[in-house]
Amino acid sequence: MESTSNGSDDKVVETVVGGRYVEMEQEGADKTVKSRLSGFLWHGGSAYDAWFSCASNQVAQVLLTLPYSFSQLGMLSGILFQLFYGLLGSWTAYLISILYIEYRTRKEREKVDYRNHVIQWFEVLDGLLGKHWRNVGLAFNCTFLLFGSVIQLIACASNIYYINDKLDKRTWTYIFGACCATTVFIPSFHNYRIWSFLGLVMTTYTAWYLTIASLLHGQVEGVKHSGPTKMVLYFTGATNILYTFGGHAVTVEIMHAMWRPQKFKAIYLMATLYVLTLTLPSAASVYWAFGDALLTHANAFALLPRTRFRDSAVVLMLIHQFITFGFACTPLYFVWEKAIGLHDCRSLCKRAAARLPVVIPIWFLAIIFPFFGPINSSVGSLLVSFTVYIIPALAHMATFRSAQARENAVEAPPRFAGRWIGAYTINAFVVGWVLVVGFGFGGWASMTNFIHQIDTFGLFTKCYQCPPPPPLSPAFPLPSNSPLPSNAHNSTTMPTIASLSPSPSPSPSYFSHRPHHRYG
């Protein structure tokens, strides 16, 4: 997978630091208009591209479930948890970037060439800490990204249902599973430039639509804001927010697509600050308008009246979820390519065909567990807690545990964080908090809620949280004075004898004056 530079005499300009995947610029190559346009739309690697990728990937369908979390947490706790986990996520994303730079620098000193190879998080752990860390990181990262892709597919079916309910959500899952499978043709994160930009524009529109539409709609009659009411709901909502700001499982792949990955350090923090300007107003406004009604409506679209603005938001979110599906699934494609030995193949068609088996289990799981909303909390507590919070913090502590490692570190922790002592203190707090609150209480609450959804709706449910169909009217309505109720076919009790009015008996003349026929 890792090829050593052979020092050939080919006229190839050295790859920019950070590794450009399957793309080397040759001296004297003429750039046509087509190549310039392709580069503008397709080949991204700047700090701006990384910012768009981080912001676009961080908030997608979860934007629609945050009001649901606010109804579980209450307004104050919902706001505080967003600020807290946003800061916590930015710190662990910074740790991942530092570990990537450390690993990359060590390998470059060994003359390793990454022009045809994408570095991933489990390889960073392998290079810095050994195979046991690699195996744990690989297991958690792949499982999280697998279910992250499942959630995007579930969200597609849930959203489109509010535009076209002629098909049930399971059927829509089949359709969008086939559509999302086309992401196998996107080579790497290097090629998400225009998609990341469009995805963030779409999310921004949807967030401000939710905010403005809720404020204009006003509070529904008799609205109540009783949250938090139960500990199970409280920690379920908290873990959904933990999941919201845990989108940096693809940090290493985004950094590797950058021309200068050293600039990534503050990018995720800036992306998080922008995301907070979308999530806080939208979640607070929807919860203010609808209150406890959100407890039974995990998707915020379900409560807003249908208008052309809502339909536009639904369509834009569908497109964005397709993009986010690609973000979550592309690292899985890379892992699969490396497992079967096709990662360095230059044929896009061969690699696309080889990637297709990755989509099948995602498709299947989305049909089994279509619980839009509760599944976010379960994934957040069981997978996100370790993948992007606990493991990066522990890995940073283990990598720089010796004085020599700290002295030779490519980059020391910043002064405002307290240098090494401060970094170790923050890391220990992250591990302790997420382990107890996120994984412990959050895991208990989210799995309790998840099992409740299974008991209520069942696996493979055809249309999760869909409104019941209207009752069918009888073809021949009964007269108003009929002794039987109009819904007698649904009645659980039979009418008594006394309740039935007796029919009149025939008169004696009916029997005595029978007509006689004479036969000849």
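Structure: see above.
Below you will find a few notes about this structure. Since this is a predicted model, take the numbers as computed values, not measurements. (Residues numbered from 1 in each chain as written. Predicted model: local features only at pLDDT ≥ 70, side-chain atom pairs only at ≥ 80, totals over all residues. Heavy atoms only, no water.)

**Considering the environment of A238**
So, step 1. In this fold, A238 is placed in helix α9 (residues 231-244).
So, step 2. Residues A238 and S446, spaced 208 residues apart in sequence, show a C-alpha to C-alpha distance of 9.5 Å.
So, step 3. When near neighbours in sequence (up to four residues on either side) are disregarded, A238 contacts L73, F81 and Y85. (Helix = DSSP H or I, 4+ residues; strand = E, 2+ residues; numbered from the N terminus. Contact = heavy atoms within 4.5 Å.)

**Digging into the nonpolar core**
Most often, soluble globular proteins keep nonpolar side chains buried together rather than apart.
So, step 1. Counting residues in hydrophobic clusters, the biggest one holds 135 residues, and the most contacted among them are V124, L210, F264, F301, V379 and Y389.
So, step 2. For V379, the contacting residues outside a window of four places in its chain are F144, F147, I151, Y243 and V384. (Core = buried A, V, L, I, M, F, W, Y, C linked by side-chain atoms within 4.5 Å. Buried < 20%, exposed > 50% of the residue type's maximum accessible area, 1.4 Å probe, protein only.)

**Topic: the pattern of salt bridges**
So, step 1. Applying the stated criterion across every chain, the model contains 10 salt bridges.
So, step 2. One salt bridge in this structure joins K265 and E411, with 2.9 Å as the shortest N-O distance. With a gap of 146 residues between them, K265 in the loop between α10 (251-256) and α11 (267-290) and E411 in the loop between α15 (403-407) and α16 (419-457) connect regions that are remote in the sequence.
So, step 3. If you follow the salt bridges from partner to partner, you end up with E337, R351 and R355 in one network. (Salt bridge = Lys/Arg side-chain N within 4 Å of Asp/Glu carboxyl O.)

**Examining the packing of helix α5 (residues 121-129) against helix α6 (residues 131-160)**
Helix-helix packing is described using two parameters, namely the angle between the two axes and the distance between the axes.
So, step 1. Relative to each other, α5 and α6 sit at 165 degrees, their axes nearing to 7 Å. Here α6 runs roughly antiparallel to α5, going by the angle between their axes. The way α5 lies across α6 gives a crossing that is right-handed. Taken together, the residues of α6 that come into contact with α5 (itself represented by W121, F122, L125, D126 and L129) are K131, W133, R134, G137, L138 and N141. (Axes fitted to C-alpha atoms, helices over the stretch in contact; angles between N-to-C directions. Parallel < 35°, antiparallel > 145°, perpendicular 65-115°, else oblique. Left-handed = near helix turned anticlockwise from the far one by under 90°.)

**Considering the packing of aromatic side chains**
So, step 1. Counted under the stated rule, the structure contains 24 aromatic pairs.
So, step 2. On the numbers, 5.6 Å between centres and 15 degrees between planes, the contact of F81 with Y85 is stacked. One end of the pair, F81, and the other, Y85, are both in helix α4 (residues 75-109), four residues apart, so they sit about a helical turn from each other. For the pair formed by F81 and Y85, the shared burial category is buried. (Phe/Tyr/Trp six-rings, centres within 6.5 Å; stacked < 30°, edge-to-face > 60°.)

**Thoughts on the packing of helix α2 (residues 47-58) against helix α12 (residues 308-340)**
So, step 1. Contact geometry for α2 and α12: axes closest at 9 Å, N-to-C directions at 110 degrees. The angle between α2 and α12 falls in the class roughly perpendicular. Counting all contacts with α2, which are made through S53, S56 and N57, the residues of α12 involved are H320, T324 and F327.
So, step 2. Among the residues making up the contact of α2 with α12, the classes are represented as one nonpolar, five polar and no charged. (Nonpolar A, V, L, I, M, F, W, Y, C, P; charged D, E, K, R; others polar.)

**Describing empty space enclosed by the protein**
So, step 1. Under the definition given, this model contains eight cavities of 30 Å³ or more.
So, step 2. In this structure, the largest cavity encloses a volume near 210 Å³.
So, step 3. Lining the largest cavity are 17 residues, and of these N57, Q152, Y243, G247 and T324 lie nearest its centre.
So, step 4. When residues of the lining of the largest cavity are traced back to their parent elements, those giving at least two are α2, α6, α9 and α12.
So, step 5. Per-element accounting of the lining of the largest cavity gives the leading share, four residues, to α6.
So, step 6. Here the residues of the lining of the largest cavity sort into nine nonpolar, eight polar and no charged. (1 Å grid on protein atoms, 1.4 Å probe; cavity = no way out; pocket = protein on both sides within 12 Å on 5 of 7 lines; lining within 4 Å. Points joined across faces, edges and corners; volume = space filled by probe spheres on them.)

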